[in-house]
Structures are given as structure tokens and as C-alpha cells.
Amino acid sequence: MTLLKLRTIRILTASLFTGLLIGIVGGLFRLLLATADNLRNALITWAHTWVYIGWLAPLGLGLIGATLARLLVVRLAPEAEGSGVQRVEAVFTGEAQPSTQPILPVKFFGGILAIGSGLALGREGPTVQMGSSLARLVSRLWITDYKDARIVDAAGAGAGLAVAFNAPVGGSVFVFEELASSFSPWLLIATLAAAISAVWIMRLMLGNQFDFAVQQASFNTGSKEWPFLVLGMLLGIIGALYNWLIFRLLRWTDGICWLTTVQTAALIGASIGLAAWFTPALVGGGDNVTQAVLSGRFAMEGLTTIFVLRFFIGPWSYAARAPGGLFAPMLVVGASFGALFAGVMNYLNPHAEVSALACAVVGMGTLFSACVRAPLTGVILTVEMTGRGDLTFGLLGGSLMAIVIAMLLNSEPIYETLKRQMLQKTVTVK
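Everything quoted here is computed from the prediction, not taken from an experiment.

Chemist: Teacher, can you tell me more about the side chain of serine 15 here?
Modeler: Along the chain, serine 15 turns up in helix H1 (residues 2–47). A distance of 2.7 Å separates a polar side-chain atom of serine 15 from the backbone oxygen of isoleucine 11. In contact with serine 15, other than residues within four places in its own chain, are Val152, Ala155, Ala190, Ala193, Ala194 and Ser197.

Chemist: I would appreciate a short explanation of the nonpolar core in the present structure.
Modeler: Counting residues in each nonpolar core, the largest one holds 110 residues, and the members touching the most others are Leu119, Phe165 and Met330. Residue contributions to this core peak at 13 residues, all from helix H13 (residues 327–348). Filtering out sequence-adjacent residues up to four positions away, methionine 330 remains in contact with Tyr242, Leu367, Phe368, Cys371, Val372 and Ile414. If you look at the next biggest cluster of nonpolar residues, it comprises 6 residues, including Ala14, Ala135, Ile143 and Val152.

Chemist: Even after reading the chapter, I still don't get the pattern of salt bridges, so can you show me in this structure?
Modeler: A side chain with one charge may pair with a side chain of the opposite charge, provided their charged atoms come close. Under the definition given, this model contains 13 salt bridges. Put simply, arginine 30 and aspartate 211 hold a salt bridge, and the shortest N to O gap is 3.4 Å. Taken together, the residues arginine 30 in helix H1 and aspartate 211 in the loop between helix H8 (185–206) and helix H9 (226–254) connect sequence positions 181 residues apart. A single burial state applies to arginine 30 and to aspartate 211, both of which are buried. Salt-bridge contacts for aspartate 37 lead to arginine 40; the nearest nitrogen and oxygen are separated by 2.9 Å.

Chemist: What exactly am I supposed to notice about helix H4 (residues 103–116) here?
Modeler: Because each turn of an α-helix spans 3.6 residues, side chains separated by three or four positions in sequence point in the same direction. If you check H4, its first and last C-alpha atoms are 19 Å apart, about what 14 residues at 1.5 Å a residue would give, namely 20 Å. In terms of residue burial, H4 counts as a mostly covered element, since 10 of its 14 residues are buried. Those residues of H4 that fall on the buried side of the exposure criterion are Ile103, Val106, Lys107, Phe108, Gly110, Gly111, Ile112, Ala114, Ile115 and Gly116. Positive backbone phi, approximately 130 degrees, marks glycine 118, located one or two places after H4.

Definitions and limits used
Residues numbered from 1 in each chain as written. Predicted model: local features only at pLDDT ≥ 70, side-chain atom pairs only at ≥ 80, totals over all residues. Heavy atoms only, no water. Helix = DSSP H or I, 4+ residues; strand = E, 2+ residues; numbered from the N terminus. Polar contact = N/O pair within 3.5 Å; in protein donor to acceptor, adjacent residues only side chain to side chain. Contact = heavy atoms within 4.5 Å. Core = buried A, V, L, I, M, F, W, Y, C linked by side-chain atoms within 4.5 Å. Buried < 20%, exposed > 50% of the residue type's maximum accessible area, 1.4 Å probe, protein only. Salt bridge = Lys/Arg side-chain N within 4 Å of Asp/Glu carboxyl O. Expected span 1.5 Å × (residues − 1).

No statement about biological role is implied by the geometric values presented.
Set out below in C-alpha cells:
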């Protein structure tokens, strides 16, 4: 009994301290990303005063930001490229060894450079891997058992996701459903302790509000749930295509023998910067676009433009292999398609009265379920980000249909694909 108590105290202490650290680091990361977004938008606004040469400013910003972000990865920590979630999963399952590279600073500064300069990447990938890295540092002080250290590492990763979206429950469920695919009392203690302390610190720094301001409504009647099932089926197809595009672009950039990975990142960054000159709101992490969609600011033409452009910009940005995640860009694609779907349904049947807002919210979580194959995480994160608990039934139904369709299309979960590619790939840097 004494040994069990000591083990519980060690895991609890290490997890709480890990949560405090990732709360500080993740909160600062979010704050600096918001500042970078404002500075980028101000630069583009100023550049438009120079009609003929102003486009060089956002192009140069994208080129420099992506290049420096990729250089940090290549020179200091190759294991910090991309989302990082797949590496955290591989370490937890024993398929990869814990990194000895400086993951934390590369992920932090590389993420700010990449996302801040305009690449359509998410903040959650860096915070998940930074949370795992911080947990590993803390484990050296309190934990001697390898299995217990893995538990704390997983809890730190979940706390990183919780901080990214102010979603402590979603971050915790992510550990059980996606990362560990298992459940134990010690994992539960570690995960809850890390998520609670991390989000508490983050809220002290940034305040406590939903990530997206969404109009609240009463629970939908059962007769209004059927559009979510249709939406889920369509997003199952879109999710399979989205995963395929990510994988194909990564393979394609691997095959460009006449460019180094740094030069490829520079090319991608420059193209995103040029896109920012024409549509500054459609680059970067995309939270502002998601909020605009949820606020009903776009007509059908605008929603179509957002969906098509972000569908390609997200995977294209990820191909730069700079530090950045996949989930936040998925939110834009899912929300815009959901709102577009409602518009089409109402056009075809004016008496259908399909809610564009409800479909946009359901689209966010459903696309995540289709791509990642972690429906409970997607549903809970979406509810925590929007406060629309009345749409839980629609989110579950849409996610179910999306998963079924994606499986029928033989679409592998994106992190499984990325993990397999990572493990098969020989570590060679051009």
C-alpha cells in the first residue's frame, strides 16, 4: 500500500508541475502568435499603400519566416518538424526513443516564425510536443520508473492540447482516445492533474473565454438532426481527400531532388505570402476566419472561396515541414463546408430551415473525426471551444457517419499515416 501511495504522489506531483510549465509556455506561445498575426496584418495593410511593389512585403515575410522555421528544425532538432503528435504517439508506444534534441525552443520559436509569417498551421501541434518535452524534463526529477515517465509524458502532451484550445476535458480525452488508446488510474490522475493546472495558468494569463464566440440556442428537435448525418457523410469523403492530399504533398516534396528541404520551405512560404497579398485573412492559423464563418459574415460565394483555398493551403503549408499542427486548419475547412452545406440545402429546399451556424459547428468536429479518427476528442473539443453543448447529438451523429465513410474509402487516420512515414523514413537532412 505504501508503494502505491508513493507512486501516486510521484505521478501527481510530476503531472501538476508539468501542467504549470506548459500552461506558462503555452499561454505565452498563444499570446505571441496573436501578436504576430496582428503585426502581419498591419504589414500587409501598409504594403497595399505601395500598389506596384507592395506584394514583395508579404512574399518576403512568408519566405523568411518559413525558411528560418525550417532551418531551426534542420540544424537543431529534426524531430521537431511538422505536428509532432505522431512522434509523441510513437514514443509512448515504444516505437521511437525519447528525443535528446532541443525540441522545446525549436517548436516554440519555429512555430511563431512559421504560423506568424502566414503558414496555415495550427498552434496545437507545437503545444502538444512542447508539453511532452516539458514532462520529460520534470520526470527526471521525480520519476525513476520508465512506465511512469511515459504516463507523465502523455499527460503533458494532453495538457498542451488543452492549453491550445482552452479545453481541459478535450485535452484529457485526447490522451485516452488518440495518444495512449488505453486507460488506467495512474494515467487518469496524471492527465487530469496536468490539464487542470495547465489551463488554470493559461487562464490567469489570457483570461477564460470560449475560443469562438458563438450564438447560443436551445436544443434542436430530433427532426432537425438528419442534415448532420448527411453532412457527416460528405465530410467523410472530404476528410479522406484532405488526408490523401497531405500525404501526397509530403511525398512530392520528398521527391524534389533539385531542392533542399529548406529551399522547399522557402518556396512554400513565398507562395503563401503572395496569397496573403490578395487574401490576408485566409492565411495563418485561421481562427479569425473560423470566427467569421461562425458569425455568419459570408455568403455562398465567400464560403466557397474559403473552403477551396483553405483545403489546399493547409496541406501545402504542412509540406514545408515547419513546426505547426493540423487541427486548427481543419476547423476552417470543416466550418466553411458546414455553413456552405446549409446554404445549399436551404437553396434547394427553402422550407428546410437548416441552420448554417449549427452545421458550421458540427462541421468543425466532424472533419476532425474523419481525418484523425478520434470522435470523442473532436466532439468535446468543439463543444468546449464554442459552448454549444446542444449540438452534441449532431456532432456525434455527423462524426459517426464521417468515420464510417472514411473507413469504407480505406482512408487511414492522418497521425497513423504520418507516424508510419516518420518511422520508415531514414533520417537524412539535405
